[in-house]
Amino acid sequence: MPQALPTFDDVIAAAARLEGIAHKTPVLQSSTLNEQLQAKVFIKCENFQRMGAFKFRGGFNALAKLNEVQRKAGVVAYSSGNHAQAVALSARILNIPATIFMPHDASPAKLAATQGYGATVIGYDRYSEDASAKAMQLAQEKGLTFIPPFDHADVLAGQGTAALELFDEVGELDALFVCLGGGGLLSGSALATRARSPLCKIYGVEPEAGNDTQQSFRKGERVKIPTPITIADGAQTPMVGAITFEIIKALVDDIHTVTDAQLIAAMRFYAERMKMVIEPTGCLSLAAAIQAAPSLKGQRVGVIISGGNVDLARFAQLLATLP
Ligand SMILES: *Cc1c(COP(=O)(O)O)cnc(C)c1O
């Protein structure tokens, strides 16, 4: 079913719904990083958002817009992790029953958190099963509302409130780096950027193994790839969304990619220098900014950390691979 493309007004409306409910996350700077890049880097820390990632913004915005009948019937979603927690927590706040499909190999921390918020979790195989189809089928059978992880006007408008807050706090920027899976955060950020800082370059950042959006962007139409194998589990999407891609095509400047090794180096930087535990996917933006450093000299650069949810054992194991 085609939806009208959301606009900046929808991001503003989402910000009003989230007022007093979502955290206004901090924007941090590191003098080490500023010196290294010879730039002023403003890091928007969505790892400090409720449930540990920006996804609370979009999930809550979508659920808050449901009518009484829809709320009573409940919602269904699928996710490898953070969208699951976002929908589960939003549903608990709004007193809506939630069913979430999560892959069998989802991070134990994310699984436990989702169940802890009171959602019913159903497992699936992320490499062989179509979770989206399963969720939509259950929605149809039980009259539930399906809340997609990114390809939805209310979800992406909610995600755009993180960049909106960044611009409201620090003013205009020369470049903004955004972690990218299905494109909810990037498309929402692009709507906010074009309104608040029209000349700012916007870059989406994907794992090198999962560069479906980069391929799509260059080709001008969506390209689907096999589920990529990368440590960035929040960006293992095989294809960018239809709605998100329309916005990305129109408003984003380019899509960058980084390797898993670059992600681990960024994880170490955040831990050592800024005392923050950031999940691999949340490091995409910084890894790309470091890679693009020669072109950023003297600029004001935004980096959105998308989330911080990683099992500590996994975190330690990844850092131990560094020389
Ligand atoms: C979901 C997620 C992403 C990707 O977001 P999209 O809106 O699908 O592009 C990036 N980082 C983290 C931590 C996520 O949870």
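To start, this report covers the structure provided alongside it. (Residues numbered from 1 in each chain as written. Predicted model: local features only at pLDDT ≥ 70, side-chain atom pairs only at ≥ 80, totals over all residues. Heavy atoms only, no water.)

Turning to the pattern of salt bridges, a few remarks are in order. Overall, the coordinates contain 13 salt bridges when judged by the stated rule. Here Glu165 makes a salt bridge to Lys44, at a shortest N to O gap of 2.7 Å. Note that Glu165 is positioned in helix 8 (residues 153-170) and Lys44 in strand 2 (residues 40-45), a separation of 121 residues in sequence. For the residue pair Glu165 and Lys44, the accessibility class agrees, reading buried in each case. In this structure, the salt-bridge partner of Lys110 is Asp233, at a minimum N-O distance of 3.4 Å. (Salt bridge = Lys/Arg side-chain N within 4 Å of Asp/Glu carboxyl O. Helix = DSSP H or I, 4+ residues; strand = E, 2+ residues; numbered from the N terminus. Buried < 20%, exposed > 50% of the residue type's maximum accessible area, 1.4 Å probe, protein only.)

The next point concerns the packing of helix 1 (residues 8-18) against helix 9 (residues 184-196). The geometry of helix 1 relative to helix 9 is characterised by a closest axis approach of 9 Å and an angle of 105° between their N-to-C directions. Between helix 1 and helix 9, the angle falls in the class roughly perpendicular. Residue-level inspection shows Phe8, Val11 and Ile12 of helix 1 in contact with helix 9, the latter providing Gly188, Leu191, Ala192, Ala195 and Arg196. (Axes fitted to C-alpha atoms, helices over the stretch in contact; angles between N-to-C directions. Parallel < 35°, antiparallel > 145°, perpendicular 65-115°, else oblique. Contact = heavy atoms within 4.5 Å.)

Summarising the element assignment, Thr145 is placed in strand 6 (residues 145-146). Once residues lying within four places of it in the same chain are set aside, the contact partners of Thr145 are Leu66, Gln70, Gly74, Val75 and Val76.

Turning our eyes to something else, we now look at the site of the ligand. Around the ligand, the structure places 15 residues, and the nearest of them are Lys55, Asn82, Gly181, Gly183 and Ser306. One of the backbone N or O atoms of Gly183 is found 2.7 Å from an oxygen atom in the ligand. At 2.9 Å from an oxygen atom of the ligand is found a main-chain nitrogen or oxygen belonging to Leu185. With the chains in place, 97% of the 380 Å² that the ligand exposes on its own is no longer accessible. Its residues assigned to classes, the shell around the ligand shows four nonpolar, nine polar and two charged. (Near = heavy atom within 4 Å. Polar contact = N/O pair within 3.5 Å; in protein donor to acceptor, adjacent residues only side chain to side chain. Areas by Shrake-Rupley, 256 points an atom, 1.4 Å probe, with all protein chains shown as cover. Nonpolar A, V, L, I, M, F, W, Y, C, P; charged D, E, K, R; others polar.)

Bringing the packing of helix 5 (residues 82-94) against helix 6 (residues 108-116) into the picture now. Contact geometry for helix 5 and helix 6: axes closest at 8 Å, N-to-C directions at 15°. When the axes of helix 5 and helix 6 are compared, the pair comes out roughly parallel. Where helix 5 crosses over helix 6, the two elements pack in a sense that is left-handed. Residues Asn82, Ala84, Gln85, Ala88 and Arg92 of helix 5 lie in contact with helix 6, whose contacting residues are Lys110, Ala113, Thr114 and Gly116. Classifying every residue of the contact of helix 5 with helix 6 by side-chain character gives three nonpolar, four polar and two charged. (Left-handed = near helix turned anticlockwise from the far one by under 90°.)

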